[in-house]
Amino acid sequence: MTPASRPAPDGPLPTAPELANAARDFRLRMAVIDRETEAALDMTRDRYGRTVHAGAAAAARAHRDKAAVEAYAAHLAPHAEALLDAARLVLDELPPARHLAGWRAVLDGLAASAAEIRRALDRPAAPGSPAERAQHAALWPHLAAWADHGSLASNLADQQGGQHHKAPLTDEEQQMWTERAQAAQRRGELELTESWYAADGQPITLAYLVEDDDSTVVALRGDPDASGWQVVGHYAHEYEAGKVLPAPVPPGVLRPDVSRFNRPAQVPDVLLQDLIRDVVEGQSAGDASNALLSAVQRGYDAGPMIRLQELLETSGQFASALETVQGRQIAARLAALSRQIEFLTREVEEAAEDLGATVAILPPHRTPVLRARPRPAVDTTPPTPPPRASTPARHR
């Protein structure tokens, strides 16, 4: 483990873009480590996601932890503190917004993780020892935190010294372009293409304003599906718009405790195709009944219908969290679909129980058809093919 965790005191200070690139390089390396680890862990699981080779799984995680420590030492250890300082400097200059308190908490958490990692880098355990494995395992949550959320610090550092020009519209021009865009929206000729949030927490949306077979790129401020949005600029193309509009800030998350690099262990998965196969290969009503009951099973190893309902509910939560008019409408639709799935689940469960109660088996006249047919003897003459029907000649 590399003990150096700070830049040389007489070395040149890194620029803000260099600090941001260090965080990005670490995240890219962590993404590679994550993919490699998942591939290794997949080899230790059975088809239902259960770990059957515990030793190999532990070795894969130990290799992941060590690789992550080395990646942090190579990319972020010399720059973490300077990166956080640059991010806080920009954060102090941003206009008041709802997300700033959360961002400060993220930067504070990254600072605490950086301190923990720095202490371990300065006092590494003996290479290859159980103590080193334990040390690396203890650092993994802090390394995952930087991989998950270091992009916030790099995004803020990127904005250091960068000033965007305001959209060059007077009040009269803004009103005129807003009315033109609203008229195009009513005609169905306002094509939204991209959306992001500015530092003040207001959404910015790019759109093509189509008039008489001609289109202009316009920037809208506010929710395009609600009242009160305004056009804040018009441009020849999207590249020009990106140069003068407020820079995008990192988007939010649906659930604050979710980590891409520190996912919980997978639960056993009941595959729908396996349940269909169980029915096809079954011979009694109980076989089909059990397959149906597995599809609607609840709890830790939930069935496909329960997972589908969870997907609809989670997607509805996502749509609602967008805090837009369309998002709320779609959330209501998904909630209604979730209730329908719940009704179907109960119906399937009752039908499965009724099917199991029939105590019946398939009748014997439903005989199988053999796939493998006996080969003819070597000295037998192959059967004569049937004569081909003659086709009458066509005359023109």
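Look above for the structure.
Residues numbered from 1 in each chain as written. Predicted model: local features only at pLDDT ≥ 70, side-chain atom pairs only at ≥ 80, totals over all residues. Heavy atoms only, no water.

Visitor: How should the packing of helix α4 (residues 100-122) against helix α5 (residues 130-158) be read in this particular structure?
Guide: Relative placement of two packed helices is described by the angle separating their axes and the distance separating the axes. Contact geometry of α4 with α5 gives a least axis separation of 9 Å together with a crossing angle of 140°. Judged on the interaxial angle alone, α5 and α4 are oblique. Taken as a pair, α4 and α5 cross one another with a handedness that is left-handed. Touching W103, V106, L107, L110, S113, A114, E116, I117 and A120 of α4 are Q135, L139, H142, L143, A145, W146, H149, G150, L152, A153 and L156, all from α5. Taken together, the residues that form the contact of α4 with α5 break down as 14 nonpolar, five polar and one charged. (Axes fitted to C-alpha atoms, helices over the stretch in contact; angles between N-to-C directions. Helix = DSSP H or I, 4+ residues; strand = E, 2+ residues; numbered from the N terminus. Parallel < 35°, antiparallel > 145°, perpendicular 65-115°, else oblique. Left-handed = near helix turned anticlockwise from the far one by under 90°. Contact = heavy atoms within 4.5 Å. Nonpolar A, V, L, I, M, F, W, Y, C, P; charged D, E, K, R; others polar.)

Visitor: I keep staring at the packing of aromatic side chains and nothing clicks. Help me out?
Guide: Aromatic rings in a pair are described by how distant their centres are and how their planes are angled relative to each other. Counting across every chain of the model gives two aromatic pairs. Each ring, one from F26 and one from Y72, has its centre 5.6 Å from the other, and the planes form 90°; the classification is edge-to-face. With F26 in helix α1 (residues 16-42) and Y72 in helix α2 (residues 54-75), the pair connects residues that are 46 residues apart, well separated along the chain. Given a relative accessible area of 2%, Y72 falls into the buried group. (Phe/Tyr/Trp six-rings, centres within 6.5 Å; stacked < 30°, edge-to-face > 60°. Buried < 20%, exposed > 50% of the residue type's maximum accessible area, 1.4 Å probe, protein only.)

Visitor: I keep staring at the layout of surface pockets and nothing clicks. Help me out?
Guide: Over the atoms, a rolled probe matching the size of one water molecule traces out where space is still vacant. There is about 1,900 Å³ of room inside the largest pocket. Mapped by element, the contributors of at least two residues to the lining of the largest pocket are α1, α4, α5, β1 (190-197), β2 (203-211) and α10 (304-321). Along the lines of polarity and charge, the residues of the lining of the largest pocket split into 21 nonpolar, 15 polar and 13 charged. (1 Å grid on protein atoms, 1.4 Å probe; cavity = no way out; pocket = protein on both sides within 12 Å on 5 of 7 lines; lining within 4 Å. Points joined across faces, edges and corners; volume = space filled by probe spheres on them.)

Visitor: Can you walk me through the nonpolar core in this structure?
Guide: The biggest cluster of nonpolar side chains holds 43 residues, and the ones touching the most others in it are F26, M30, Y72, L143, W146 and L156. Among the elements of the structure, α1, α2, α3 (80-93), α4 and α5 are those that each provide at least two residues to this core. Among the elements that line this core, the one with the most residues is α5, at ten residues. Within the second largest apolar cluster, eleven residues are counted, among which are L169, A184, A207 and L220. (Core = buried A, V, L, I, M, F, W, Y, C linked by side-chain atoms within 4.5 Å.)

Visitor: Which parts of the structure should I look at to understand the environment of A184?
Guide: Structurally, A184 can be placed in helix α6 (residues 171-187). Note on A184: relative accessible area 0%, which makes it buried. Expressed as a C-alpha distance, the spacing of A184 and L209, which sit 25 residues apart in the sequence, is 6.6 Å. Ignoring sequence-local partners within four residues, the contact set of A184 consists of E189, L190, L209 and V210.

Spatial relationships are all this shows, so hold off on functional conclusions.
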